[in-house]
Structure formats: structure tokens, C-alpha cells
Amino acid sequence: MKTFIIIGFLIGMVLTAFSQQPETEIRCQQKNVGINFNTGDSIIGTEYILPDRIFSTYIDTIGKRVTFQLRGVSNNEKWLDNKGKIIVYDLANMKIKWEKTIFYHLNSFEQYHDNIIQTDQNKSFYLDYDTGEKLWKVKSQIYLANPKHRIAIGYKFSNMSGGTNLLQGLNLRDGSEIWEREIDRKYGWQNLYYLDDSTLLLAANGLHSINLKNGTGWDYYTDMGIEKSPIGYSLLRDIKSNLVIDTISANVYCASREKLFKLQQKGGNESWSYPLPVQETSKSCILIEDSTLYMINFGFAYLGYQQVVQGTPFIAAFDKNTGENKYFNLIHVKKDPIQSLFSKNDTLILAYDHRLEKYSLRDGKKLYEKEVDAKKYGKLASFIGYQAYIKTSGNKYEPILNIVPSNHYLLNDKGKVLVLDEVCNVMDEIDQDSLFIRYKNSADYTFIANEDLTVVLDENNSAVAEFKSSKNAALIDKKLFSMYKEKFTEVDLSGLLVDEIPE
């Protein structure tokens with residue numbers, strides 16, 4: 001008799017396990033989130049309420065799903081929990097597709113449309129988008145997936161030697177290897193660009209083109225970091241410039257620790273190079289105006305994610321076609337890296353922690369220097385560009401740089417924007433909260449947002465609507481989904497938008 005009872009109990013457990021619904025409940029709460037100024041009607045939003053703090057989201061606009069990662073905090077709110085959940089939620093049918101437990105010290109997830117990759121230290125798993133089931137496993141750290149060509153790329157792990165520099169191309173359908181190629185990752189991947197839909201340009205201690213389908217491409221080796229530095233044995237990374245890709249001439253411009261160079265995009269052949277002083281060169285920026293290339297060396301690099309002093313700031317100019325050096329001016333400052341720059345009308349303004357300098361781009365000579373009161377204005381951080389808007393009069397918003405064209409606007413570490421006149425005197429301060437950043441636009445509308453308020457502008461920059469939503473937003477069927485401060489919201493714009501806004 002006992003045997004039948006035990007068997008019946010076990011069968012009941014199995015049936016319960018197979019019929020178990022997701023444990024998590026997601027509640028939806030409708031609320032008034034804004035107003036349509038054209039009609040005077042309220043704009044209705046939906047707040048998605050989850051049982052724990054939302055750590056991150058991925059919005060799949062094609063599949064109309066959102067992936068939540070939940071991660072709580074300690075009672076004193078100083079530490080993040082190691083344990084959490086990943087949830088894939090169907091926005092169209094308003095139901096959870098699947099959920100599973102995450103251990104954040106072991107697991108990480110990356111998503112590329114409907115492809116979810118789970119990485120556990122040196123193993124990667126491909127998850128079924130509908131069930132969360134692990135479909136295949138590889139001993140590799142996947143860095144990127146391309147849904148169109150159904151290919152992922154990552155570095156192979158060896159049981160004998162650990163991490164390797166052997167990059168693999170993997171079939172997303174079954175995890176089988178398609179190709180492999182040696183590419184150094186000592187200083188990490190520092191830039192990655194798509195030259196076309198199947199060709200990557202990778203900056204990783206040099207430049208490398210990669211055909212996703214077969215792994216072929218060219219290599220251009222040059223140091224972009226320091227393995228031994230004056231502060232001890234460590235890896236200093238990002239000792240390089242941005243990449244400038246001229247799509248018309250199909251040329252690539254870049255600076256490493258060793259040299260400034262121009263490559264032919266097809267084949268990677270060097271058109272010219274100019275040797276740089278390795279003790280002085282650090283993270284840098286290159287700008288091209290007409291036939292002149294300007295290089296600004298900042299004077300810092302990165303140790304992990306921490307900015308550290310490295311090298312010396314300098315300004316240099318070159319003929320972009322021949323590499324001929326026009327001038328090379330070292331800025332003799334000690335342990336005071338450049339934090340931001342702004343170029344306009346043949347001049348260059350450099351912002352340090354507590355100082356501003358203006359230079360002529362024609363000859364690289366200093367025009368003037370201004371000290372900024374550190375106690376009053378804090379540390380200088382970054383110049384504001386044309387994507388920043390501010391409310392002017394009535395219901396109008398304008399790009400802040402258009403209001404007084406001779407002024408400059410510089411963000412500090414106190415949450416203020418300093419208003420500078422044409423000779424860099426501080427004239428005023430603006431709260432950072434009053435700035436709106438353009439994040440989406442079409443022929444008819446411009447979407448701008450500050451921390452948690454989106455304003456929709458017409459072609460005359462007049463507000464036609466405003467509602468609670470951040471700039472971290474995606475549009476699906478005239479519904480705007482956004483994440484801000486652990487809240488996920490949906491705003492119905494069908495009463496406002498005539499046509500779809502392109503992504």
C-alpha cells in the first residue's frame with residue numbers, strides 16, 4: 001500500500017512540475033503620463049510592475065518582446081544581490097514566455113534581436129527564445145552575434161592554457177565552428193565598426209578587417225596599449241585615437257601609441273604613416289577638416305576602467321592625403337590631462353579639470369588660457385553639442401548652441417552647465433536637468449528627453465506633446481517603451497503619430 005502511495009505522490013510531483021506556471025507575476029497599471037498639446041487630450045501610459053528591482057532591459061522591436069534582468073539590493077542599499085532573474089516577456093500578448101534564475105557572479109547575458117547568449121565564465125550557451133532552454137554549448141567567450149547571417153564570434157577557451165587569442169566564427173543554429181583566426185585581445189576590443197553588413201573593422205592592438213562569413217581579412221599590427229607602465233606591471237589600454245572612416249575615398253585614419261596612419265579600407269595597405277613619440281602619446285582624438293587632419297593627444301589612458309595620467313597633451317596637424325606634418329606642439333602640463341574639446345571656426349578649446357585653453361588650428365598656437373574657480377564651479381567634464389536642446393519661450397525648444405552662437409556650454413561634475421562667452425569667461429550656470437537630448441526623429445517629429453520626460457517637437461521645434469518617458473526608448477506599433485530608474489513604461493502615441501517613426 002505504501003508503495004502505491006509513494007508512486008502516486010511522485011507522479012503528482014512530476015505532473016505539477018510540468019504544468020507549473022512562471023513564478024513571477026508582472027502587473028500592469030495604467031496612468032495619465034502626459035498631454036497632447038494639439039488636442040488637449042491626456043496621454044495614457046502603462047507601468048509594468050515587477051516583484052524586484054529591474055537591473056536592465058532589452059527591447060526586441062521585431063519580436064515585440066522585452067527581456068528583463070532583475071537584481072535586488074541589500075537592506076542598506078549599498079550592495080547588489082548576486083542572485084536574480086532573467087524574464088522574457090511577450091509585449092503583444094502580455095505574458096511571460098519564460099524565466100530563470102541568474103547568479104550574477106557567474107552568469108551574464110547578451111541579446112541580439114531574438115538571439116540570447118548566456119556566458120558562464122569560459123562557456124557560452126545559446127538559449128531558445130521561446131523557452132529559455134539551452135540549445136547548444138561552446139567552450140568560448142562570445143563577443144558578438146549577427147542575426148542576419150546567423151553567426152556569432154568569440155574567443156576559444158583551452159583546458160590547457162585557459163583563454164586564447166583564437167577567434168572563432170560559430171553557427172548560431174548549432175554552435176558548430178565555421179572558421180577560426182588569431183587576433184590579439186591583450187588590451188581588449190577598443191573599437192568595432194561594420195564596414196558593410198558582413199564585414200567588421202576591429203581595433204584590437206592594431207586594426208583588423210573580418211568577414212563574418214569566413215573569417216578572412218587583413219591585419220595591421222601596431223601597439224594600442226602598454227604592458228609595463230611607470231606605475232608598475234599592468235595593462236594600460238586605449239592608447240589610440242578614434243577611427244575616421246572616409247566612405248567616399250574608402251580610407252581609414254587612426255593613431256596608435258607608435259604612429260598616425262592612413263590605410264586603404266580594401267586590403268589594409270598603408271598609404272602613409274607618421275611616427276609618434278611613444279613616451280608622450282596616449283588616448284587621442286583625430287578631426288578632419290577639408291584636407292587637414294588634426295590630432296589632439298589627451299594625456300591619459302585607462303587602467304581597467306580607471307582614468308590614469310599617461311603621456312603629455314599635444315596638438316598636431318597633417319596633410320590628410322600625404323601625411324606631411326604641418327605642426328606638432330607639445331602642451332607642457334604635468335598630470336593635467338585634457339577632459340574634453342570643442343572645435344569651431346579654425347579654433348580649438350580644450351577643457352582640463354579646472355582650466356580652459358583656446359588654440360588656433362591654423363598653426364597650433366595658444367590664443368589664451370583661463371583658470372576656472374574649482375571651489376565655485378567644480379571639475380570640468382565635457383562640452384555640450386548640437387544634440388542638446390533647451391526650452392526658450394512658450395512651448396519652443398531649440399538646440400542650445402543656436403541660442404547665442406558665440407557662447408560655449410560645458411558640463412561640470414556638479415550637475416551644472418557652465419555658459420561661457422567667446423573668450424571663455426563663465427557668464428552663467430544652467431541646471432543639467434533643464435537640458436533635453438535628441439534621441440529620435442523623422443521628417444515630421446523630433447523626440448527629446450531629459451531624465452524622465454520626453455517632449456515631441458514639430459518641424460518648427462514647437463512642443464506638440466510631452467509625457468513621462470526616458471531617452472532609453474524603443475517604438476513598437478506607435479507605442480513607446482522605455483526604462484528609467486528601475487521603471488519600465490509603455491506610452492500609447494496612436495493619438496499623436498500619423499506615420500511610424502523609423503528606428
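Residues numbered from 1 in each chain as written. Predicted model: local features only at pLDDT ≥ 70, side-chain atom pairs only at ≥ 80, totals over all residues. Heavy atoms only, no water.

A.B. asks: It is not clear to me how the overall build of the protein chain should be interpreted in this structure. Could you clarify?
C.D. replies: Per the secondary structure count, the protein chain includes three helices and 47 strands. Reported as C-alpha extents along the three principal axes, the dimensions of the protein chain are approximately 95 × 65 × 45 Å. Across the 503 residues that make up the protein chain, the buried fraction comes to 49%. Counted over contacts in the protein chain with a minimum sequence separation of 6, partners at least 24 positions apart contribute 41%. For the protein chain, the exposed surface amounts to about 25200 Å²; the carbon and sulfur share of it is 49%. (Helix = DSSP H or I, 4+ residues; strand = E, 2+ residues; numbered from the N terminus. Buried < 20%, exposed > 50% of the residue type's maximum accessible area, 1.4 Å probe, protein only. Contact = heavy atoms within 4.5 Å. Areas by Shrake-Rupley, 256 points an atom, 1.4 Å probe, with all protein chains shown as cover.)

A.B. asks: What am I meant to see in a nonpolar patch on the surface here?
C.D. replies: A contiguous nonpolar patch, built from F55, V73 and L80 and spanning about 220 Å² of accessible area, is present on the exposed surface. Relative to the helices and strands, F55 is located in strand β3 (residues 54-60). Residue class for F55 comes out partly exposed when judged on its relative accessible area of 34%. (Patch = residues over 30% accessible without salt bridge, like charges linked within 9 Å, V, L, I, M, F, W, Y side chains within 5 Å. Salt bridge = Lys/Arg side-chain N within 4 Å of Asp/Glu carboxyl O.)

A.B. asks: Just to check I follow, could you spell out the packing of aromatic side chains for this structure?
C.D. replies: Aromatic ring pairs are defined here through the distance separating the ring centres and the angle between the ring planes. Tallied over the full model, the rule gives 17 aromatic pairs. For the pair F68 and F488, a centre-to-centre distance of 5.2 Å together with 90 degrees between the ring planes defines the contact as edge-to-face. In this pair, F68 is assigned in strand β4 (residues 65-73) and F488 in strand β47 (residues 487-492), connecting sequence segments 420 residues apart. By relative accessible area, F68 is classed as buried at 0%. A residue is classified by how much of its surface remains accessible, and F488, at 0% relative accessible area, is buried. An aromatic cluster is present here, built from Y48, F68, Y89, F481 and F488 joined pairwise through their rings. Above the face of the F55 ring, R71 is positioned so that its terminal group lies 5.2 Å from the ring centre. (Phe/Tyr/Trp six-rings, centres within 6.5 Å; stacked < 30°, edge-to-face > 60°. Lys NZ or Arg CZ within 6 Å of the ring centre and 35° of its normal.)

A.B. asks: Hey, could you run me through the environment of G154 in this one?
C.D. replies: Looking at the secondary structure, you find G154 in strand β12 (residues 151-158). For G154, a relative accessible area of 0% gives the class buried. The spacing of G154 and F103 is 51 residues in sequence and 22 Å in space, taken between C-alpha atoms. With near-sequence residues (within four places) excluded, G154 lies in contact with S140, Q141, I142, Y143, L166, L167 and Q168.

A.B. asks: Would you take a moment to explain the pairing of strand β24 (residues 270-275) for this structure?
C.D. replies: The two faces of a sheet get side chains in turn, since along a regular strand they alternate between them. Bridge count for strand β23 (residues 259-264) against β24 is five bridges, and the pairing is antiparallel. The partner of F261 across the bridge, within β24, is S273. (Pairing = 2+ DSSP bridges.)

A.B. asks: Is there a simple way to explain the sheet that holds strand β6 (residues 95-103) in this structure?
C.D. replies: Backbone-to-backbone hydrogen bonds join strands into a sheet, with any given pair of strands oriented parallel or antiparallel. Pairing in this open sheet of four strands is antiparallel, and the strands run β3-β4-β5-β6 from one edge to the other. Of all strands in the sheet, those with a lone pairing partner are β3 and β6, marking the two edges. Here the strands of the sheet are splayed against their neighbours by 15 degrees on average, with no regard to which way each runs. (Axes fitted to C-alpha atoms, helices over the stretch in contact; angles between N-to-C directions.)

A.B. asks: Before we go on, may I ask you to explain the sheet that holds strand β32 (residues 347-351) in this structure?
C.D. replies: Spatial ordering of the open sheet is given by β31-β32-β33-β34, a layout of four strands whose pairing is antiparallel. Edge positions in the sheet fall to β31 (340-344) and β34 (366-371), since each has one partner strand and no second. Recorded for the sheet is a direction-independent mean angle of 15 degrees between the axes of neighbouring strands. Where strand β33 (residues 355-360) lies against β34, five bridges are found, and the strand directions are antiparallel. Along β34, the bridge assignment pairs K358 with Y368.

A.B. asks: Help me understand the state of the cysteines, please; the structure alone is not making it clear to me.
C.D. replies: Within this structure, the stated rule accounts for zero disulfides. Just so you know, C254 is unpaired, no disulfide at all, and the nearest cysteine sulfur is the one on C285, 11 Å from it. (Disulfide = S-S within 2.5 Å.)

A.B. asks: Where do I start with the nonpolar core in this structure?
C.D. replies: For soluble globular proteins, nonpolar side chains are generally found buried alongside one another. Formed by 23 residues in total, the largest nonpolar core has its most connected members in L356, F383, I384, I400 and Y409. Breaking this core down by element, the ones donating at least two residues are β32, β35 (380-383), β36 (388-391), α3 (400-403), β38 (408-412) and β39 (416-420). Considering each element in turn, this core owes the most residues, four residues, to β39. Discounting residues that sit within four places of it in the chain, Y409 has contacts with S382, F383, I384, I400, L401, V404, V417, L418, V419 and I430. In this structure, I142, I151, A152 and L170 belong to the second largest nonpolar core, which totals 22 residues. (Core = buried A, V, L, I, M, F, W, Y, C linked by side-chain atoms within 4.5 Å.)

A.B. asks: Help me understand the environment of A473, please; the structure alone is not making it clear to me.
C.D. replies: Structurally, A473 is set in strand β45 (residues 473-476). A relative accessible area of 18% places A473 in the buried class. On a C-alpha basis, the gap between A473 and T222 in space is 39 Å, while along the polypeptide they are 251 residues apart. Residues contacting A473, with those up to four places away along its chain left out, are Y439, K440, L480, F481 and S482.

A.B. asks: Teacher, can you tell me more about the pattern of salt bridges here?
C.D. replies: Pairs may arise between side chains of opposite charge once their charged atoms sit close together. Considering all chains together, one arrives at 20 salt bridges under this definition. Between R65 and D130 there is a salt bridge, with its nearest N and O atoms 2.7 Å apart. Highlighted residues: R65 in strand β4 and D130 in the loop between β9 (123-127) and β10 (134-138), separated in sequence by 65 residues. Among the residues examined, R65 registers a relative accessible area of 10% and is labelled buried.

A.B. asks: Just checking my understanding: could you explain the confidence of the model for the protein chain for this structure?
C.D. replies: The predicted structure's coordinates, where accompanied by low pLDDT, should not be read in detail. Per-residue pLDDT for the protein chain averages 91, and the proportion of residues at 70 or more is 93%. Predicted confidence is poor over residues 1-21, with pLDDT under 50, and the contacts of this stretch with residues over four places away or in other chains come to zero contacts. (pLDDT = per-residue confidence, 0-100.)

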